[in-house]
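One-letter residues, chain by chain:
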Amino acid sequence: MSQTKKVIIIGSGFAGQTAALYLGDALGKDHEVTVITRTTEFIFIPSLVWVGIDRMSLDKVQFPLAPVYEKFNVHNFHGQVTDIYPDDGYLTALDETTKAPKKFEYDYLLNATGPKLNFAGTPGLGPDAGLSQSICTPHHATRSRDTYLESVERMKKGEKQHFVIGTGHGTATCQGAAFEYITNIHKDLERRGIRDKASIKWLSNEPALGDFGIDGVSVAQGKNIRTSEEFITTVFEDYDIDWQVKTAVKALEGNSIYYETLEGNEGDESFDFSMLIPQFLANGMKYHDKNGEDITSKLANPGGFVLVDAVYGKPYDELKANPEYWPATYQSPAYPNIYAAGIAFAPPGPISRPQATPNGTPMAPAPPRTGMVSGVIGRLVAKNIIDNVKGHEASHSERMTEMYAACIASMGDSIWDGSAAVIIAHPIVPDWKKYPISGRDMFVSNMEMGLSGAWMKRMIHTTFSHKLRGRFGWSLIPE
Ligand SMILES: Cc1cc2nc3c(=O)[nH]c(=O)nc-3n(C[C@H](O)[C@H](O)[C@H](O)COP(=O)(O)OP(=O)(O)OC[C@H]3O[C@@H](n4cnc5c(N)ncnc54)[C@H](O)[C@@H]3O)c2cc1C
């Protein structure tokens, strides 16, 4: 009889939830699979964009986790992991309600804790202690919606409003989410018949429009090559959206956003409504050795992201030339029974070329680990842990230089009059060895604008929610 193994997953986002389904399905009956997470609901974060313009209610973007875990024989603890002791194979978590610490032993650990939204990295940024909005959490999205609706009321009375959407830090990522929000705002204001009362501006740290932190995309269209910069420029021109890239937001005060440009010029932009994505750090948990000494730097980079089987510390051009520097199994080299998936793992470097202003302010979009990528990695790490539990080496691997990325920026959620800008990139991290012209397969990569994209986005909301609830046929739906 095989010995019962304990597997712990920290976090229930795209990475953690996907892993929980595969691990519960394969091991739940014979072993102990536990999810420790701060939330009692799964939150379908991409649809928070629609909550933020009052086109979708919050109950449609979340569902309770407990019934799913029960079905998959997965234990669940509602709490926050604070400290991990890899030498002794245990961790401590604070009960979310009582705040009492509890100890959990593990044989295998998956860190899938996503980002810590570092609003504090930009003075005045964020909805809680600052002046700008966010759509990164349910609480933020509803707050953003309420503030947005106040602007709508003002415009209905004839007042002009200035909207500024983009990134709130020189190293921010997730430009795709901000792009989707700006296009949804445009469409929603049109629908309400008040678009003429609004001026809308894109403000971002990207080196060029359409970069999205993935170094832009080039696709073959007939005999021509079209870039995402041209594509997004056309979208913004059509929608009368102004833009400014190569800009690091430094602070917000009153109704002004203070920034520095790549050339080193300082400036400010006034706003009535702003939504700026903050810098992402990791959800800093401390790692300790058997004597209690802090060994976090052995397991995580300075931002707190978990070091895995990547080649770290190489210059940008060397990383660009070596796709195999990107991680494949997402296993910690220091402790091979620890894995990381989704935003929690440390990428070996940026995808877009990092730059800095003459004053040294970094202008370097961090690589996005989207929901799709997080789900794919969650599945493959689950399969590796299943290998390990069965006494084998981890046999599943997929680098971000092999994965697809689909950025579907909807404009409204309607399947009748909606539209979407769709950008498919394969692979998400360019592989210049395999695709010397643009780093990507230009015939698979694609960009299109149209109603079918809106259908795709709506379908993703429905099918992914179905899958992540572990409903009939869940494992047949790709991440
Ligand atoms: C507005 C918006 C729109 C987006 N749109 C898209 C899109 O259209 N397509 C796409 O592919 N991606 C999209 N993304 C990106 C996508 O949401 C993220 O890439 C994805 O959520 C990352 O998944 P994750 O599992 O790594 O982290 P998360 O989803 O953030 O999950 C992290 C989990 O860890 C838990 N946790 C954190 N710390 C602890 C702790 N110490 N102890 C216990 N639990 C902890 C959290 O509660 C949470 O359950 C969007 C993001 C935003 C903000």
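Refer to the structure presented above.
Throughout, a residue's number is its position along its own chain's written sequence, starting from 1. Given that this is a predicted model, residues contribute local features only at a pLDDT of at least 70 and side-chain atom pairs are listed and counted only at 80 or more, while totals for whole chains, interfaces and linings are drawn from all residues.

Novice: What am I meant to see in the overall build of the protein chain here?
Specialist: Helical segments are the DSSP runs of H or I of at least four residues, strand segments are the runs of E of at least two, and each set is numbered from the N terminus. What the protein chain contains, in helices and strands, is 10 helices and 26 strands. Computed over C-alpha atoms, the radius of gyration of the protein chain comes to 22 Å, within 12% of the 23 Å expected from 2.2 N^0.38 for 479 residues, which places it in the range of a compact globule. Dimensions of the protein chain along its principal axes, counting C-alpha atoms only, are 75 × 50 × 45 Å. Neighbour counting defines burial: a residue surrounded by 20 or more other C-beta atoms within 10 Å of its own C-beta is buried, one with 12 or fewer is exposed, and intermediate counts give partly exposed, using backbone-placed C-beta atoms. A total of 479 residues make up the protein chain; the buried ones form 51% of that total. Any pair of residues counts as being in contact when their C-beta atoms, constructed from backbone geometry, are within 7 Å of one another. Intrachain contacts of the protein chain at a sequence separation of at least 6 include 68% that bridge at least 24 residues. As defined in this context, the radius of gyration uses C-alpha atoms, and a globule is described by 2.2 Å times the residue total to the power 0.38.

Novice: Please clarify how the site of the ligand should be interpreted in this entry.
Specialist: Every one of the 35 residues lining the ligand counts as a neighbour, but Gly11, Gly13, Gly114, Gly342 and Thr370 are closest to it. Counting only elements with at least two residues in the shell around the ligand, the list comes to helix H1 (14-27), strand E2 (32-37), helix H2 (48-51), strand E5 (74-85) and helix H9 (371-389). Any residue whose C-beta atom, as placed from the backbone, lies within 6 Å of a molecule or strand is termed near it.

Novice: When you look at the environment of Asp59 in this model, what are you seeing that I'm missing?
Specialist: Tracing the backbone shows Asp59 in the loop between H2 and strand E4 (62-64). A residue is classified by how many C-beta atoms lie within 10 Å of it, and Asp59, with 8 of them, is exposed. Sequence separation between Asp59 and Pro138 is 79 residues; the distance between their C-alpha atoms is 9.9 Å.

Novice: Help me understand the packing of H1 against H9 in this model?
Specialist: Geometry of a packed helix pair, given as the angle between the helix axes and the separation of the axes. Two numbers describe how H1 lies on H9: the axes approach to 7 Å, and their chain directions differ by 30 degrees. One way to sum up the angle between H1 and H9 is to call them roughly parallel. Remark: the crossing between H1 and H9 carries right-handed chirality. Taking contact as the criterion, the partners of Phe14, Ala15, Gly16, Thr18, Ala19, Tyr22, Leu23, Ala26 and Leu27 in H1 are, on H9, Gly371, Ser374, Gly375, Ile377, Gly378, Arg379, Val381, Ala382, Lys383, Ile385, Ile386 and Val389. Residue classes follow a fixed rule: Ala, Val, Leu, Ile, Met, Phe, Trp, Tyr, Cys and Pro count as nonpolar, while Asp, Glu, Lys and Arg count as charged, and any other residue, Gly among them, counts as polar. Along the lines of polarity and charge, the residues of the contact of H1 with H9 split into 13 nonpolar, 6 polar and 2 charged. Here an axis means a line fitted to C-alpha atoms, over the contact stretch when the element is a helix, while the angle between two N-to-C directions is reported on a 0 to 180 degree scale. When an angle is under 35 degrees it counts as roughly parallel; over 145 it counts as roughly antiparallel; between 65 and 115 it counts as roughly perpendicular; any other value is oblique. Definitions for this section: a left-handed crossing has its near helix turned counterclockwise from the far helix by less than a right angle. A right-handed crossing has that turn clockwise.

Novice: Explanation requested: unusual backbone geometry in the structure shown.
Specialist: Backbone phi values are negative for most residues with the exception of glycine, while trans is the configuration of most peptide bonds. Along the chain, His426 connects to Pro427 via a cis peptide bond; the corresponding omega equals -5 degrees. Structurally, Pro427 can be placed in the loop between strand E25 (419-425) and strand E26 (446-450). One non-glycine residue, Asp54, adopts positive backbone phi at about 65 degrees. Turning to its location among the elements, Asp54 is positioned in the loop between H2 and E4. Positive phi, normally seen in glycine, also occurs at Phe212, with a value near 55 degrees. As for its placement among the helices and strands, Phe212 is situated in the loop between strand E11 (198-203) and strand E12 (218-221). Given 29 C-beta atoms within 10 Å, Phe212 falls into the buried group.

Novice: Would you mind showing me how to read the sheet that holds strand E24 (residues 405-411) here?
Specialist: Within a sheet, neighbouring strands are paired by backbone hydrogen bonds and run either parallel or antiparallel to one another. Each pair of strands is called paired provided DSSP finds at least two bridges between the two strands. Read across the open sheet, the 3 strands follow the order E24-E25-E26; overall the sheet is antiparallel. Either end of the sheet is taken by a strand with one partner, and the two such strands are E24 and E26. Averaged over all pairs of adjacent strands, the angle between strand axes in this sheet comes to 10 degrees, irrespective of strand direction. Two elements, E25 and E26, share 5 bridges in a ladder whose sense is antiparallel. Looking across to E26, one finds that Ile423 is bridged to Met447. In this fold helix H5 (residues 175-191) packs onto E24 and E25, with an angle of close to 20 degrees to the strand it touches most, E24. Seen against the sheet, helix H10 (residues 451-468) touches E24, E25 and E26 and runs at an angle of roughly 75 degrees to E25.

Novice: In this structure, what is going on with the nonpolar core? I would like to understand it.
Specialist: Proteins that are soluble and globular tend to have nonpolar side chains buried together. Here, a nonpolar core means buried Ala, Val, Leu, Ile, Met, Phe, Trp, Tyr and Cys residues linked by C-beta atoms lying within 7 Å of one another. Counting residues in hydrophobic clusters, the biggest one holds 142 residues, and the most contacted among them are Ala19, Leu23, Leu110, Val306, Ala341, Val381 and Ile385. The element best represented in this core is H9, accounting for 10 residues.

Novice: What's the story with H1 in this structure? I'm lost.
Specialist: Since the α-helix advances by 3.6 residues per turn, residues separated by three or four positions end up pointing in the same direction. Between its first and last C-alpha atoms H1 spans 20 Å; for 14 residues at 1.5 Å apiece the expected length is 20 Å, and the two agree. Burial runs high along H1: 12 of the 14 residues are buried. All of the buried residues along H1 are Phe14, Ala15, Gly16, Gln17, Thr18, Ala19, Ala20, Leu21, Tyr22, Leu23, Gly24 and Leu27. For a helix, the expected span equals 1.5 Å multiplied by the residue count minus one.

Novice: Help me out: how do you make sense of the sheet that holds E11 in this one?
Specialist: Strand order in the open sheet made by the 4 strands is E14-E11-E10-E18, with parallel pairing throughout. Two strands in the sheet have a free side with no partner beyond their single neighbour: strand E14 (241-244) and strand E18 (273-277). In this sheet, neighbouring strand axes are inclined to one another by 15 degrees on average, regardless of whether the strands run parallel or antiparallel. Here helix H4 (residues 138-156) sits on the sheet in contact with strand E10 (161-167), E11 and E18, set at roughly 150 degrees to E18.

Novice: What is the right way to look at the environment of Leu281 in this model?
Specialist: Locating Leu281 in the fold gives a position in strand E19 (residues 279-282). C-beta crowding within 10 Å serves as the criterion here: with 18 such atoms nearby, Leu281 is assigned to the partly exposed category. Between the alpha carbons of Leu281 and Met56 there is a distance of 28 Å; along the sequence they are 225 residues apart. Those residues within four positions of Leu281 in sequence are excluded, and the remaining contacts are Pro115, Lys116, Asn118, Gly303 and Gly304.

Novice: Would you explain the pairing of strand E16 (residues 256-261) in this entry?
Specialist: One face of the sheet, then the other: side chains in a regular strand alternate in exactly this way. As paired strands, strand E15 (residues 247-253) and E16 are joined by 6 bridges and run antiparallel to one another. Counted as the bridge partner of Ala251 is Tyr258 from E16. Remark: 2 residues form the turn of the hairpin made by E15 and E16, two consecutive strands paired antiparallel; Gly254 in that turn has positive phi of roughly 55 degrees.

Novice: Can you walk me through helix H6 (residues 228-238) in this structure?
Specialist: For H6, the set of buried residues is Ser228, Phe231, Ile232, Val235 and Phe236. Axial view of H6: buried residues confined to an arc of 130 degrees, hence all on one face. Turned more than 90 degrees from where H6 packs its buried face, Glu237 and Asp238 sit exposed. Residues of H6 that are buried make contact with E11, strand E13 (224-227), E14, E25 and E26. Just past H6, the residue Asp240 takes up positive phi, approximately 55 degrees. Directions drawn from the helix axis to the C-beta atoms are what define this arc.

Novice: Whenever I open this one, the environment of Arg195 confuses me. Can you help?
Specialist: Examined against the element boundaries, Arg195 turns out to sit in the loop between H5 and E11. Taking the C-beta count within 10 Å as the criterion, Arg195 has 17 such neighbours and is therefore assigned partly exposed. On a C-alpha basis, the gap between Arg195 and Lys160 in space is 9.8 Å, while along the polypeptide they are 35 residues apart. Setting aside residues no more than four positions away along its own chain, Arg195 makes contact with His186, Leu189 and Glu190.

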